[in-house]
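So you can see what is in the structure, the chains are spelled out below.
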Amino acid sequence: MRRILLGLGAAIAMLVLPGLAAAETVKVGVIGVFSGGFARWGEQFKQAIEVFQKHHGKVVNGNTIEIILRDAGGPDPAKARQLAEELILREKVQFLAGFAFTPNAMAVAELITEAKMPTVIFNAATAVITRRSPYFVRVSFTLPQVSAPIAVWAPKNGIKKVVTVVSDYAPGHDSEQTFIKVFKANGGEILESIRIPLSTTDFAPFFERVLQQKPDAMFMFGPGGPPSVAMINTWASRLKPAGIQLVTTNETQAIDLPKIGRAAIDAIGSSNFTEIIDTPLNKRLRADMTAMFGPDQVPDVATVGTYDGLQLIYMTVAKLGPRPNPDDVMKFWTSGLKWESPRGPIAIDPKERDIIQGVHLRRVKEVDGKLINVDFEIVPDVKDPWKEENK
Amino acid sequence: MNPAWHALPWLLAIAFYFTAGGYLSLGTSILVYILLTLSLDLALGYAGIITLGHAAFFGFGAYGAALFAIHVNADPLLGLVVATAVTAVFAVVTGMLILHTQGVTLLMLTLAIAVLLAEAANRAYKVTGGDDGLQFTMGPVLGLFRFDLWGQTAYLYTLVILFVWFVIAWKVVHSPFGRSLDGIRQSQARMRAIGTPVWWRLIAIYAISAAMAGSAGALSAQTTRFVGLNTLGLLVSGIAVVMLVLGGTRRLYGAFLGAAVYVVVQDFAAKVNPFYWMFVIGGLLMATVLFLEGGLMEVLDIGRRWLRRLLRGSDPT
């Protein structure tokens, strides 16, 4: 009861307070996943927001930036849409942001177009999203973007025959299609393409089929978190001893490596963010993450996505003021923006409103008893290849 | 009960329409949940069909409406009728398979059907869009009112459909058929002994309840123009049961109270703390189950009795 009363009190305060505050407040509605089994995405959003506010404060040219968090609870498109509606109509936000999952981002496309709401995607990585509304801009990555460079590298480095294994939903399809296309164009051969339902927990039967095909490597995409950890463990126990290499995208992030353990050693990855990136901003971000949230906390893809999304919003408010016209915002966002991210220099493709960035090809190694991703090649300025294919 | 009380929830719903501001889409989702909970009250509350599988019907209706809008016709009412009808047929077929069982067996079977359907939808990627869901556009209601950004059409459309279903539910519950369900819930053996065709009665109420849940699903899909696998998830079945218990079973209006309180509390709590709001919901449910056997409707009853005593000085009952 106490909690409910507190809740009611806070709710009333929220209704009353905006009327009292006279200074201009810029509201940014962030839709993420802050509860349930996928809460680690929300955790990254939240940590990145706090670190960013420590670095840049909450005020831009005298205007307070207020960030309003809303919980979609998981991949729940209807909920995401409802939250977006409320943020736009009730909270009267100037920007929408967030979105860990593709379906949640897709669900608000129609709405933000109608409401003319500039929306920054912090994570969701299916290529097509930014085509669904002219008010989307993405600062994370796209799956084709990280899948293509490794498909170019592999055939040149002794990996000629591959079986692809992906989770059966849009990002998985994106990843699979791009890899197959680029890999074949570079002289590789695909033996089989397997799609695994998202809810799968036992991967052994699928990997047994891979084993029978005797490929040089398995290309794999999982949904992140526990399923991806299980996939890598299954690879290590069944396929690695048979000499089948593992090629993935973001599966071996620093945040997951302790959970995967030594099984991850020698896994080849391709990502827009690697922990050893040697930029001053990355070092500062890492140091502050550890200082603020504990020694186990490391920045990950969604952390830098959120950080850069906020950089973009702060830049926009600094340039266009606290109440910008949505079309001016979109004009600004498509004016060939470039800035320094913890992951290095990034840019926004003026035509597609999607991110252009370097892609790191790396391998998991054990250095001084610690598992880390070691880059062996960095492909600079990669545009989303899917957009190039589907003009 | 004084007939004037019956007007109260509907007047509140209409008043909400004019005062809601940006809360209308929340209002629409409350109405959808009321309809779902109401359908569960018929099956679980009145007929005693222990089920954890109502998400199957909710999702069936939702996908039915979405697929109909995409492939056949974007008219909302037509889509709603078709989605409701196919859900009822689905319920008759599955009902014939499982309704000869009772208790835990029945619970497991309803659960199994819901899980099977969810998995089938997951596998049928080409039809259902799998985990990506289906996004679609709807035509205007009656060819006149398009679904607007403010959710006004969606709210009123859902409210009207809910009212129609409420009248049907009321008629069913207070008919001789409804009385026989009361008997079936209390003792199937006795009802059989006096010549009641128990199995058919159960199938009939199961189908009516499922049709209602299918309508709720269809409304949810149509008003958000999106349907995803979560409409078939266990969580939907669970939430419906929670709302029913919260509001009070076998009261019809219990569904109104339970769904509204659940959604509003969740909305407030999740806003105040987006990380641990589930504690509030859990606490509320525990308090209700521990202290209010008849759900929140009991609070209303107490209030009404108190009011009457206040007006008349003393109350003989």
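Residues numbered from 1 in each chain as written. Chains lettered and ligands numbered in written order. Predicted model: local features only at pLDDT ≥ 70, side-chain atom pairs only at ≥ 80, totals over all residues. Heavy atoms only, no water.

S.K.: Explain the overall build of chain A to me, and be specific about the residues and the numbers.
M.R.: Looking only at helices and strands, chain A has 14 helices and 15 strands in total. A compact globule built from 391 residues would reach a C-alpha radius of gyration of about 21 Å, and chain A, at 21 Å, matches this within 12%. For chain A, the C-alpha atoms occupy an extent of roughly 70 × 50 × 40 Å along the three principal directions. Counting the 391 residues in chain A, one finds 62% classified as buried. Once the 45 positive and 42 negative side-chain charges of chain A are each reduced to a mean point, those two points are 1 Å apart. (Helix = DSSP H or I, 4+ residues; strand = E, 2+ residues; numbered from the N terminus. Rg over C-alpha atoms; globule rule 2.2 N^0.38 Å. Buried < 20%, exposed > 50% of the residue type's maximum accessible area, 1.4 Å probe, protein only. Lys, Arg positive; Asp, Glu negative; His and termini not counted. Charge placed at Lys NZ, Arg CZ, Asp CG, Glu CD.)

S.K.: Tell me about the packing of helix H4 (residues 76–98) of chain B against helix H10 (residues 198–224) of chain B, and name the residues and values.
M.R.: Interhelical geometry of H4 of chain B versus H10 of chain B gives an angle of 145° and a closest axis separation of 7 Å. The hand of the H4 of chain B/H10 of chain B crossing is right-handed. (Axes fitted to C-alpha atoms, helices over the stretch in contact; angles between N-to-C directions. Left-handed = near helix turned anticlockwise from the far one by under 90°.)

S.K.: For the interface of chain A and chain B, give the residues involved together with the corresponding values.
M.R.: Facing 41 residues of chain A, the contacting portion of chain B comprises 31 residues. Taken together, both faces of the contact between chain A and chain B bury some 3,400 Å²; the carbon and sulfur share is 59%. Taken together, chain A and chain B are joined by 2 salt bridges. Where Glu 114 of chain A meets Arg 146 of chain B, a salt bridge forms, and the shortest distance between an N and an O atom there is 3.6 Å. For the pair chain A and chain B, the number of links is 6 residue pairs in polar contact (both at pLDDT 80 or more). (Contact = heavy atoms within 4.5 Å. Buried area = accessible area lost by both parts, 1.4 Å probe. Salt bridge = Lys/Arg side-chain N within 4 Å of Asp/Glu carboxyl O. Polar contact = N/O pair within 3.5 Å; in protein donor to acceptor, adjacent residues only side chain to side chain.)

S.K.: Help me get a handle on the domain arrangement of chain A, residues and values and all.
M.R.: Residues and elements named next belong to chain A. Taken domain by domain, chain A comprises domain 1 (24–141 + 280–353) and domain 2 (144–271 + 359–389). A straight line from the C-alpha centre of domain 1 to that of domain 2 covers 28 Å. The interface of domain 1 with domain 2 comprises 17 residues on the first partner and 19 residues on the second. When the area that domain 1 buries against domain 2 is broken down by residue, the three leading residues are Arg 40, Ala 127 and Phe 141, summing to 33%. Linking domain 1 with domain 2 are 1 salt bridge. Ionic pairing is found between Arg 40 and Asp 256, a salt bridge with its closest N-O pair at 3.0 Å. Seen at the junction of domain 1 and domain 2, the total is 5 residue pairs in polar contact (both at pLDDT 80 or more). Here the residues of the side of domain 1 that touches domain 2 are counted per class, giving 6 nonpolar, 4 polar and 7 charged. (Domains from an automatic or database assignment. Nonpolar A, V, L, I, M, F, W, Y, C, P; charged D, E, K, R; others polar.)

S.K.: Report on the environment of Leu 191 of chain A, specifying residues and quantitative values.
M.R.: Considering the arrangement of structural elements, one finds Leu 191 of chain A in strand E8 (residues 189–196). Beyond its immediate sequence surroundings of up to four residues, Leu 191 of chain A is in contact with Lys 161, Val 162, Val 163, Gln 213, Lys 214 and Pro 215 of chain A.

S.K.: Give a detailed account of the sheet that holds strand E3 (residues 63–71) of chain A, specifying residues and quantitative values.
M.R.: With mixed pairing, 6 strands are arranged side by side in an open sheet as E2-E3-E1-E4-E5-E6 (chain A). Among the strands making up the open sheet, the edge pair consists of strand E2 (59–60) and strand E6 (136–138) of chain A. (Pairing = 2+ DSSP bridges.)

S.K.: Summarise the nonpolar core; cite the residues concerned and give the values.
M.R.: By size, the foremost hydrophobic cluster in this structure holds 99 residues, and its most contacted members are Ile 49 and Phe 256 of chain B. Sort the elements by how many residues they give to this core and helix H2 (residues 24–46) of chain B lands first, with 14 residues. In this view, Ile 49 of chain B contacts Ala 43, Leu 44, Leu 99, Leu 106, Leu 202, Ile 205 and Tyr 206 of chain B; residues no more than four positions away in its chain are not counted. If you look at the next biggest cluster of nonpolar residues, it comprises 97 residues, including Ile 31, Val 93, Ala 97 and Val 146 of chain A. (Core = buried A, V, L, I, M, F, W, Y, C linked by side-chain atoms within 4.5 Å.)

S.K.: How would you summarise the environment of Ala 120 of chain B if you had to cite specific residues and measurements?
M.R.: Along the chain, Ala 120 of chain B turns up in helix H5 (residues 103–123). Separated by 10 residues in sequence, Ala 120 of chain B and Gly 130 of chain B place their C-alpha atoms 9.3 Å apart.

S.K.: Residue-level account of the pattern of salt bridges, with values.
M.R.: All names here are of chain A. Considering all chains together, one arrives at 30 salt bridges over all chains under this definition. Glu 110 serves as the salt-bridge partner of Arg 81, at 3.1 Å between the closest nitrogen and oxygen. Here Glu 110 lies in helix H5 (residues 109–115) and Arg 81 lies in helix H3 (residues 77–89), a separation of 29 residues in the sequence. Here Glu 110 falls in the partly exposed class, since its relative accessible area comes to 28%. Residue Lys 283 is joined to Asp 278 by a salt bridge in which the shortest nitrogen-to-oxygen separation is 2.7 Å.

S.K.: Outline helix H7 (residues 170–185) of chain A, listing residues and values.
M.R.: Residue and element names in this part refer to chain A. End to end, H7 covers 23 Å across 16 residues, agreeing with the expected 22 Å (1.5 Å per residue, within 8%). With 12 of 16 residues buried, H7 lies mostly within the body of the structure. Within H7 the residues assigned to the buried category are Ala 170, Pro 171, Gly 172, His 173, Asp 174, Ser 175, Glu 176, Thr 178, Phe 179, Ile 180, Val 182 and Phe 183. Directly after H7, the chain includes Gly 187, whose backbone phi takes a positive value near 90°. (Expected span 1.5 Å × (residues − 1).)

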